[in-house]
Amino acid sequence: NEVLNLQMVCQPEYLSKYPGAELVTKDSFRLQWLIEGVQKRGLVAKGFYDYHFIPEKHAFELKNLLRQSGQTSAFNLKTSALQFLPHLMVNFLVTQKSDQKEDYLHSLSINLVTGRIVTSLIPAVRDKIRDLQNQKLNLAKRTISYRDGFGALLNHLKWRLFHNDRSWAEAAQKRFLEEIKALEEYYSVNEKSPAADWQSFYRHAAELYKNVAPTINIKIVNTGILYLPLIISEINYLGSNELPQTVFLDPLFEKLAFSR
């Protein structure tokens, strides 16, 4: 694969600060080339969950889920409609590094309409994602920007890592302090030590810190925009004078939400 390293600036005054950089402006050839390249070869996949909506099956599932949620009243199902909501999914590669190294893949997704974050999307949609092109679907418009959605996922990942098992970092920190103590004893740093010894000590200490001190690196592996099904139904409870109730059913996770 061809690898290109590009330096671009958008304001002429920055050219002197970044020698070799290229000035790009709106509609410039290089900027358009970059945008087209990202669109054609970028790491963002788009697709939808291939869900077949069967009204009779939905009515049966809705009845069971309502009963499980404590709604025991009989009801009439007035209308039902299938809509596909946009979800931003990001696969993060988290590397825990000290003198040992462990890699972990974290797959997080956020509903760009409701803001709900899910950590188990891949098992739920595996082998059911299809190409979005040339599909006539009822797609919902996102209410959360991609930037805000990604920021929410990254913050959630950081929160998970902060509350994760930290024993590996504590063990690495302990090994680092033991190595520093041994290094101090080896050099026997005191007032009579020549400057060269001090420099050598700090150089070795910096190398130890770089190699042993615990760090966490986060890298984006790939991202996806997935449109997942939501069934919107309007029901009337029999014997009730209340207004019809709107029920939202997430068929992937069998989640219910209500609205009037």
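The structure reproduced in this document is the subject of the present report. (Residues numbered from 1 in each chain as written. Predicted model: local features only at pLDDT ≥ 70, side-chain atom pairs only at ≥ 80, totals over all residues. Heavy atoms only, no water.)

### Here we look at the overall build of the protein
Turning to step 1, where the next piece is worked out: Across its full length, the protein carries 6 helices and 10 strands.
Turning to step 2, where the next piece is worked out: Expressed as a percentage of the 260 residues in the protein, the buried residues total 30%.
Turning to step 3, where the next piece is worked out: Within the protein, residue pairs in contact and separated by at least 24 positions form 68% of the contacts whose partners lie at least 6 positions apart.
Turning to step 4, where the next piece is worked out: Per element, the accessible surface of the protein, about 18,000 Å² overall, is 51% carbon and sulfur. (Helix = DSSP H or I, 4+ residues; strand = E, 2+ residues; numbered from the N terminus. Buried < 20%, exposed > 50% of the residue type's maximum accessible area, 1.4 Å probe, protein only. Contact = heavy atoms within 4.5 Å. Areas by Shrake-Rupley, 256 points an atom, 1.4 Å probe, with all protein chains shown as cover.)

### Topic: the environment of glutamate 13
Turning to step 1, where the next piece is worked out: You can see glutamate 13 is positioned in the loop between strand E1 (8–9) and strand E2 (22–23).
Turning to step 2, where the next piece is worked out: A C-alpha to C-alpha distance of 9.8 Å links glutamate 13 and leucine 23, two positions 10 residues apart in sequence.

### A few points about the pattern of salt bridges
Turning to step 1, where the next piece is worked out: All told, the structure shown has 4 salt bridges when counted by the stated rule.
Turning to step 2, where the next piece is worked out: The closest approach of N and O atoms between lysine 78 and glutamate 234, which form a salt bridge, is 3.5 Å. One end of the pair, lysine 78, is in strand E4 (residues 75–97); the other, glutamate 234, is in strand E8 (residues 215–237), and 156 residues separate them in sequence.
Turning to step 3, where the next piece is worked out: On the basis of relative accessibility, which here comes to 45%, the residue lysine 78 falls in the partly exposed class.
Turning to step 4, where the next piece is worked out: Put simply, arginine 116 and aspartate 250 hold a salt bridge, and the shortest N to O gap is 3.8 Å. On the criterion of sequence distance, the pair formed by arginine 116 in the loop between strand E5 (101–111) and strand E6 (117–118) and aspartate 250 in strand E9 (residues 245–250) is long-range, its members being 134 residues apart.
Turning to step 5, where the next piece is worked out: The class of arginine 116 is partly exposed, set by a relative accessible area of 36%.
Turning to step 6, where the next piece is worked out: Its relative accessible area of 16% is what places aspartate 250 among the buried residues. (Salt bridge = Lys/Arg side-chain N within 4 Å of Asp/Glu carboxyl O.)

### Here's the deal with the pairing of E8
Turning to step 1, where the next piece is worked out: As defined by bridge partners, strand E3 (residues 44–49) adjoins E8 across 5 bridges and the pair is classed as parallel. Pairing of phenylalanine 48 across the sheet is with tyrosine 227, part of E8.
Turning to step 2, where the next piece is worked out: Relative to E8, E4 is paired through 22 bridges, and the arrangement is antiparallel. Counted as the bridge partner of leucine 88 is isoleucine 225 from E8.
Turning to step 3, where the next piece is worked out: Here 5 bridges tie E8 to E9, and the two strands are oriented antiparallel to one another. If you follow glutamate 234 over to E9, its bridge partner there is threonine 246. (Pairing = 2+ DSSP bridges.)

### Remarks on the packing of aromatic side chains
Given two aromatic rings, their pairing is described by the distance between the two centres and the angle made by the two planes.
Turning to step 1, where the next piece is worked out: Under the counting rule described, the total for this entry stands at 4 aromatic pairs.
Turning to step 2, where the next piece is worked out: Look at phenylalanine 48 and phenylalanine 84: their rings are 6.0 Å apart centre to centre, the planes differ by 85 degrees, and that puts the pair in the edge-to-face class. Of this pair, phenylalanine 48 sits in strand E3 while phenylalanine 84 is found in strand E4, placing the two residues 36 residues apart along the sequence.
Turning to step 3, where the next piece is worked out: Taking relative accessible area as the criterion, phenylalanine 48 reaches 5% and is therefore assigned buried. (Phe/Tyr/Trp six-rings, centres within 6.5 Å; stacked < 30°, edge-to-face > 60°.)

### Notes on the nonpolar core
Turning to step 1, where the next piece is worked out: Of all hydrophobic cores here, the largest spans 28 residues; its most connected members are Leu88, Leu121, Leu153 and Leu228.
Turning to step 2, where the next piece is worked out: Of all the secondary structure elements, the ones that give two or more residues to this core are E3, E4, E5, helix H3 (121–125), helix H4 (146–162) and E8.
Turning to step 3, where the next piece is worked out: Those residues in contact with leucine 153 that lie beyond four places of it in its chain are Leu88, Val90, Phe92, Leu108, Ser109, Ile110 and Ile117.
Turning to step 4, where the next piece is worked out: If you look at the next biggest cluster of nonpolar residues, it comprises 8 residues, including Ile180, Leu183, Phe201 and Ala205. (Core = buried A, V, L, I, M, F, W, Y, C linked by side-chain atoms within 4.5 Å.)

### Topic: the side chain of asparagine 91
Turning to step 1, where the next piece is worked out: Mapping asparagine 91 onto the fold places it in strand E4.
Turning to step 2, where the next piece is worked out: Among the residues examined, asparagine 91 registers a relative accessible area of 9% and is labelled buried.
Turning to step 3, where the next piece is worked out: For asparagine 91, the side chain forms a polar contact with the side chain of serine 107, separated by 2.4 Å.
Turning to step 4, where the next piece is worked out: Within the structure, asparagine 91 has its side chain in polar contact with the side chain of asparagine 222 (distance 2.7 Å).
Turning to step 5, where the next piece is worked out: Beyond its immediate sequence surroundings of up to four residues, asparagine 91 is in contact with Leu105, His106, Ser107, Ile122, Lys219, Ile220, Val221 and Asn222. (Polar contact = N/O pair within 3.5 Å; in protein donor to acceptor, adjacent residues only side chain to side chain.)

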